[in-house]
Amino acid sequence: MSTVHAHPLDFPLAGTGPLSRGAFSRGHTRFAQVAEEVQALPYGRVRDLESVSAVVDEKKGTCSSKHRYLAALAHEDGHPEITLMLGLYEMSQENTPGVGSVLDAEGLAAVPEAHCYLMRAGRRYDFTGLPPGSRSPWEALVDERAVSPGDLPGLKTSYHRV
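As a starting point, this report considers the structure included with it. Quantities reported herein were computed from a predicted structural model and do not represent experimental measurements.

Some thoughts on the packing of helix 2 (residues 31–40) against helix 4 (residues 63–76)
Running from N to C, helix 2 and helix 4 cross one another at 170°; their axes reach a closest spacing of 10 Å. Here helix 2 lies roughly antiparallel to helix 4, going by the angle between them. Taken together, the residues of helix 4 that come into contact with helix 2 (itself represented by Phe31, Val34, Ala35, Val38 and Gln39) are Lys66, Tyr69, Leu70, Leu73 and Ala74. Taken together, the residues of the contact of helix 2 with helix 4 sort by class into eight nonpolar, one polar and one charged.

Describing the packing of helix 1 (residues 18–25) against helix 4
Contact geometry for helix 1 and helix 4: axes closest at 8 Å, N-to-C directions at 105°. Relative to helix 4, the element helix 1 is oriented roughly perpendicular. Contact residues: helix 1 offers Pro18, Leu19 and Ser20, while helix 4 offers Tyr69, Ala72, Leu73 and Glu76. Within the contact of helix 1 with helix 4, the residues separate by chemical class into five nonpolar, one polar and one charged.

With respect to helix 1
For helix 1, the full list of buried residues reads Leu19, Ser20, Gly22 and Ala23. Down the axis of helix 1, the buried side of the element spans an arc of 160°, and every buried residue falls inside it. Of the exposed residues in helix 1, those oriented more than 90 degrees away from the buried face are Pro18 and Ser25. Buried residues in helix 1 make contact with helix 2 and helix 4. Just downstream of helix 1 lies Gly27, where phi reads positive at about 90°.

Criteria and thresholds
- Residues numbered from 1 in each chain as written.
- Predicted model: local features only at pLDDT ≥ 70, side-chain atom pairs only at ≥ 80, totals over all residues.
- Heavy atoms only, no water.
- Axes fitted to C-alpha atoms, helices over the stretch in contact; angles between N-to-C directions.
- Helix = DSSP H or I, 4+ residues; strand = E, 2+ residues; numbered from the N terminus.
- Parallel < 35°, antiparallel > 145°, perpendicular 65-115°, else oblique.
- Contact = heavy atoms within 4.5 Å.
- Nonpolar A, V, L, I, M, F, W, Y, C, P; charged D, E, K, R; others polar.
- Buried < 20%, exposed > 50% of the residue type's maximum accessible area, 1.4 Å probe, protein only.
- Arc of directions from axis to C-beta.

Written out as structure tokens, the structure reads:
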């Protein structure tokens with residue numbers, strides 16, 4: 001297991017719920033270890049959108065499934081101050097390498113895109129595991145709101161269409 005350096009979101013796992021028990025069974029005793037594990041998982045949509053633990057069960061995830069799982073684990077472990085966030089940003093070639101040709105073909109500089117991440121004490125944390133060359137979408141945010149892990153699946157779809 002890798003060594004996790006001090007991280008503002010780190011705390012010992014002490015919960016007794018299913019997400020905490022799952023983390024313990026994978027050898028984790030600290031939240032930062034789980035966050036590191038989740039960040040290292042390949043990017044990919046999970047099949048079971050209803051299951052909070054699908055990201056670790058299926059060993060892949062998107063910004064939504066990865067951060068939904070981490071927020072639910074934090075809440076289960078008594079850390080409600082770690083908030084699941086849903087942001088809307090202007091996706092462009094600058095913050096999402098590879099999308100430029102599609103945008104150019106449509107005569108667009110950017111399009112709105114939804115992105116999930118965690119927030120604590122006004123600071124944003126992204127455990128998506130963005131590919132090399134990607135930049136954070138923070139500079140391009142046009143809106144953000146806190147959401148509950150249980151409400152995310154339905155809310156993200158409707159929010160993205162706004």
